[in-house]
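Structure assessment
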Amino acid sequence: MSGHGRGRWVAMNEDFSRAVDTSTLSRRLRSLKAATSSFALAFAAGGVAAAHAQDVAVPAFGSHEVVLSSTLMGVLAIATACAIGLIRARARAEEAVTRLNRQSSENRARIDLLEGILDTDDQVVVSWGVNDAPLVSGLLDDRARAPRGRAEFLAFGTWLTPEAAADLERALTALRKRGEVFQLSLPTRSGTHLEAVGRTAGGRAVVRFRDLTGERLRYAELSERHRRLGRDVEAMRALLEAMPAPVWLKSADGQLAWINAAYAQAVDAADLSAAVASGTELLDAQGRARIVQERARAPVGRATFPIVVAGQRRMFDVIEVGSANGTAGIAVDVSELDRTRSELKRTIEFHARTLDQLATAVAIFGADKRLQFYNAAYRALFGLDAGFLDGGPDDGVVLDTLRAARRLPEQADWRSWKREILSAYQSVEAKEHWWHLPDGQTLRVIANPHPQGGVTYVYENVTERLDLEKRYNALIRVQRETLDHLAEAVAVFGSDGRLRLSNPAFATIWRLAETTLAAKPHVNDVIAWCSALHDDADAWVRLRAAVTGLADNRTRANGRMLLKNGSVVDWDCVPLPDGATMVTFIDVTDSVNVEHALRDKNEALIEADKIKTDFVGLVSYELRSPLNVISGFAHLLADPKIGTLNDKQLEYADHIQSSSESLRTLIDDILEIAGIDAGIIKIEPEPVDTQPLVGSVLEALKDRVAEAGLLVDVRIAPLAGTITADPNRLRQILYNLVSNAIRFSHPRGRVEIELTAEEREHVLTVRDTGSGIPADQLAFVFDRFYTRRQGQRRGGAGLGLALVKSFVELHGGSVAIESAEGQGTAVTCRFPRTPTDHLTTTAA
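These lines cover the structure that appears in this document, whether it is placed above or below. Everything quoted here is computed from the prediction, not taken from an experiment.

It is worth spelling out the overall build of the protein at this point. Across its full length, the protein carries 27 helices and 27 strands. Here the protein holds 844 residues, and 35% of them are scored as buried. Considering only intrachain contacts with a sequence separation of at least 6, the fraction spanning at least 24 residues in the protein is 50%. Roughly 50,300 Å² of accessible area belongs to the protein as shown, and the carbon and sulfur atoms make up 55% of that amount.

Set out below in structure tokens:
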């Protein structure tokens, strides 16, 4: 058992502990022991004195000595008797103490047993004496949440319900003053129930508190519920009595059991009891049958129908609830509400039809933030499902749905933005928002709070308006900037003949001040100011007639003016649709001068072209003919049939032939370049079989290939077997590319010729493994007469790659080169697979 419980039990049994307390017996026993010791000491002292007297006494005994001896003997006898008595008393006292200690131990064991038995049941026993403080013993279950401290437990109002605490205090007062026993069920603040039983015992008032369980707990709960229901019924009856609506109760057999005053007034009954006794019905038979039918379909029967009350026909909303013990009903007069509802319904329907025809989206939310109305424009604007909207969703849910569909502006802090939008429900003023949607639309949203709660949202799609405004403003700015920066002078005159706008060029041409033009002068004044630079009256008359003429005969006019400062100005007068007239002045002085210069230059170009053509003919005749003679005679000299030459002479003749061939090739290249520049080279495309073409080129270069010890690798794709091109020019292209690769390849190097076909092009690529081209020279390799050295050897004339580029471009293709110094060079030529129109025309 806990020390707390033991202490309470010991306190309750304080009287018994006081009766069997051994402390008093112990004190008495110690007194007897002290007295016995005193008597023993006295007896010992007497014996010592007698012995001393005997030691010092005179041998002869007299009467004095006899008396003293007798006295000592008497004292010794008394002391002995007292000592014996005291020893016996001490033994009896020790026996009594032993017995009392044994009884105390038995009592304590009994107390512990009784205390354990008491603690087996969750209960607390409180006893009050006449004058002493109350004793508290035991514990309650933790569910009751009763305080464990004595003072806290006795403060019943802190852990019992107020009503239970008041009942307990009244019962305790009656128990302590008059001995009236009681038995109460006490609900606690924690929701549990306790039983308190008060009795009197031994002149003390004793109350036992126990947790209720089983049937007694259910009984206590039912009692508490009964009291609560009783109070509720009394309150409801008082409320129903005061209600202006008729209320009635019927028994199980359908007879009236109770009515309120409003019911009696409605049926014109003078007395409530008389109306109940007579069974006067508020509803007619048809109405009662209808209510019964409604109640059969649902637990609560409800119907609205007219009832004649006090001679007037009024609409009532009748509600009747049935149970096993009868029915209860109430009839609420809804005549005004029905009339108002009808009018409101007609008004709402009219407004709904009107709003539904609007192009502006409208949504109305009630005070509960649920959607009450929306028009077709709202649904179409946000692409929401009609079923979803008809369900009356919450405003926040609608916003979340629109956000998920990306129909709302993108927000970094969605919660704050949503809170700001929904704050319109607590606002008294309309709020305006601008929504820039992700799809590019812009909405002007007006949230107008309703005085009775709710918000009406108006969504105006201003995308087109803003776009038009932006485009209009941009157009105006562009027009203004365009006019201000035009080289042409522009002046617009209104239908009244006054200047509306002009650009700085107008003021510059006619030497006018912009402040003067800003005053919007009349056309006559403008003509007078401009006449200072041009005094041709006929031109100004035509211009004035075009500006101020009537609408029926307004025609476009133009002309040229030669100003006194040497400038030449072309003017043009254009009628505008709004009745205004635009006059433009263009300073064509430079154009006229350039025109004269171009005419002179054209004549010079014609002459130069004639000179170039003559030069080509001259070179063709004057150089080719002697070269042919030289080459022919060199060939004859080397022929043994003509005569025998020594080795040195044969070597010279061979040098003459090779130099003649090189010179012929150079002359041919120069003539080709000249022909291209003169525009006399024509491309005549036709299907070319690439295999024989490549073979003929390699056959012509086989000596050079063998001399350099090169390996030539040819790869022709199946789709590149035939190319539509000029066969002669294609052969020249391939010959120049392979010759260039041989010239700059290392001995025993490799030359690759590759022909492939792509979707729209044929690709010819020639690669070598030679010295390559430095990066700083790649930009010049296609320039004419550009040459480079390879070691001690000088390059060619620098026309080969230039001719390749020109011939490929004449075919409508392109050339590219890739090279790295020391890693070789690759030249790629691309020819269109489908011949274009310009291939058969003379090159420009």
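So much for the structure itself; the text now carries on.
A few words now on the side chain of T828. By the secondary structure assignment, T828 is in strand β27 (residues 825-832). Using a relative accessible area of 19% as the deciding quantity, one classes T828 as buried. Setting aside anything within four residues of it in sequence, one finds T828 in contact with V763, L764, T765, S814, V815 and A816.

When you line up the elements, D271 lands in the loop between α8 (261-266) and α9 (272-278). Residues D271 and A261 lie 10 residues apart in sequence; the distance between their C-alpha atoms is 8.6 Å.

On to the pairing of strand β4 (residues 193-201). The sheet contact formed by strand β3 (residues 182-187) and β4 spans six bridges and is antiparallel. Following the sheet pairing, F182 is matched in β4 by G198. Hairpin connection, β3 to β4: the antiparallel pair is bridged by five residues, and G191 has positive phi, about 95°. As paired elements, β4 and strand β5 (residues 204-211) share eight bridges and run antiparallel to each other. If you follow G198 over to β5, its bridge partner there is V207. Taking the residues that link successive antiparallel strands as the turn, the β4-β5 hairpin has two residues, and the phi of G202 there is positive, at about 60°.

A word on the sheet that holds β5. Spatial strand order, β2-β1-β5-β4-β3: five strands in an open sheet with antiparallel pairing. Edge strands, defined here as strands with exactly one partner in the open sheet, are β2 (135-139) and β3. Across this sheet, the average inter-strand angle for adjacent strands is 15°, counted without regard to direction. Bridge count for strand β1 (residues 123-128) against β5 is six bridges, and the pairing is antiparallel. If you follow V125 over to β5, its bridge partner there is R208.

Right, let's talk about the sheet that holds strand β14 (residues 442-449) for a bit. Pairing is antiparallel in the open sheet, where five strands are placed in the order β12-β11-β15-β14-β13. Looking along the sheet, the strands with just one partner apiece sit at the ends: β12 (371-374) and β13 (431-436). With direction set aside, neighbouring strand axes in the sheet form an average angle of 20°. As paired elements, β14 and strand β15 (residues 455-461) share seven bridges and run antiparallel to each other. Across the sheet, residue P449 finds its bridge partner in β15, namely V455.

If you check the backbone angles, K520 has positive phi at about 55° while not being a glycine. Turning to its location among the elements, K520 is positioned in the loop between α18 (514-518) and α19 (523-530).

Taken N-terminus to C-terminus, the directions of helix α24 (residues 690-700) and helix α26 (residues 727-743) make an angle of 45°; their axes are 10 Å apart at the nearest point. In terms of orientation, α24 and α26 fall into the oblique class. Note on packing geometry: the crossing formed by α24 with α26 is right-handed. Of the residues in α26, those in contact with L693, V694, S696, V697, L698 and A700 of α24 are P727, L730, R731, L734, Y735 and V738. Per-class residue counts for the contact of α24 with α26 are 10 nonpolar, one polar and one charged.

Among the nonpolar cores identified, the biggest contains 38 residues, and I733, L734, L737, L764, C829 and F831 are the most heavily contacted of them. Top element by residues in this core is α26. It accounts for seven residues. Ignoring sequence-local partners within four residues, the contact set of I733 consists of L764, V804, F807, V808, C829 and F831.

Let's shift gears to the pattern of salt bridges. Within this structure, the stated rule accounts for 31 salt bridges. The partner of K418 in a salt bridge is D400, with the nearest N and O atoms 3.2 Å apart. Of the two residues, K418 is situated in helix α15 (residues 414-422) and D400 in helix α14 (residues 395-404); the sequence distance between them amounts to 18 residues. Taken together, the shared-partner salt bridges in this structure form one network comprising D713, R715, R750, E752, E754 and R767.

As a further point, take the packing of α26 against helix α27 (residues 800-810). Two numbers describe how α26 lies on α27: the axes approach to 9 Å, and their chain directions differ by 145°. When you trace α26 past α27, the crossing you get is left-handed. For the pair α26 and α27, contact is made by R729, Q732, I733, N736, L737 and N740 and by G800, L801, L803, V804, F807 and V808, respectively. In the contact of α26 with α27, the residues fall into seven nonpolar, four polar and one charged.

What follows concerns α26. Along an α-helix, residues three or four apart share an orientation, since each turn contains 3.6 residues. With 17 residues, α26 ought to run about 24 Å at 1.5 Å a step, and its terminal C-alpha atoms sit 24 Å apart, in line with that. Counting buried positions along α26 gives 12 out of 17 residues, so the element sits mostly inside the fold. Taken as a whole, α26 has its buried residues at P727, R729, L730, I733, L734, N736, L737, V738, S739, N740, A741 and I742. Where α26 begins, the capping side chain belongs to D726, and its oxygen is found 3.1 Å from the backbone nitrogen of N728.

Our next topic: the side chain of H762. In this structure, H762 sits in strand β25 (residues 761-768). Residue class for H762 comes out buried when judged on its relative accessible area of 5%. When residues no more than four places from it in sequence are discounted, the contact partners of H762 are L719, A720, T722, I723, T756, A757, C829, R830, F831 and R833.

Here we come to the environment of L737. Relative to the helices and strands, L737 is located in helix α26. Between the C-alpha atoms of L737 and R767, which are 30 residues apart in sequence, the distance is 9.0 Å. Sequence-distant contacts of L737, defined by excluding residues within four places in its chain, comprise L764, V766, L801, V804, V827 and C829.

Further remarks concern the environment of D590. You can see D590 is positioned in helix α21 (residues 589-622). Since its relative accessible area comes to 57%, D590 is described here as exposed. Placed 23 residues apart in sequence, D590 and S567 show a C-alpha to C-alpha distance of 8.8 Å.

Sheet topology places strand β6 (residues 247-250) next to strand β10 (residues 326-333); four bridges connect them, and they run antiparallel. Looking at the pairing, V247 lines up with I330 of β10. The pairing of β6 with strand β7 (residues 256-259) spans three bridges and is classified as antiparallel. Note on β7: the bridge partner recorded for K250 is L256. From the end of β6 to the start of β7, which pair antiparallel, there are five residues, and G254 there has a positive phi angle of about 85°.

Reading the values: the criteria
- Residues numbered from 1 in each chain as written.
- Predicted model: local features only at pLDDT ≥ 70, side-chain atom pairs only at ≥ 80, totals over all residues.
- Heavy atoms only, no water.
- Helix = DSSP H or I, 4+ residues; strand = E, 2+ residues; numbered from the N terminus.
- Buried < 20%, exposed > 50% of the residue type's maximum accessible area, 1.4 Å probe, protein only.
- Contact = heavy atoms within 4.5 Å.
- Areas by Shrake-Rupley, 256 points an atom, 1.4 Å probe, with all protein chains shown as cover.
- Pairing = 2+ DSSP bridges.
- Axes fitted to C-alpha atoms, helices over the stretch in contact; angles between N-to-C directions.
- Parallel < 35°, antiparallel > 145°, perpendicular 65-115°, else oblique.
- Left-handed = near helix turned anticlockwise from the far one by under 90°.
- Nonpolar A, V, L, I, M, F, W, Y, C, P; charged D, E, K, R; others polar.
- Core = buried A, V, L, I, M, F, W, Y, C linked by side-chain atoms within 4.5 Å.
- Salt bridge = Lys/Arg side-chain N within 4 Å of Asp/Glu carboxyl O.
- Expected span 1.5 Å × (residues − 1).
- Polar contact = N/O pair within 3.5 Å; in protein donor to acceptor, adjacent residues only side chain to side chain.

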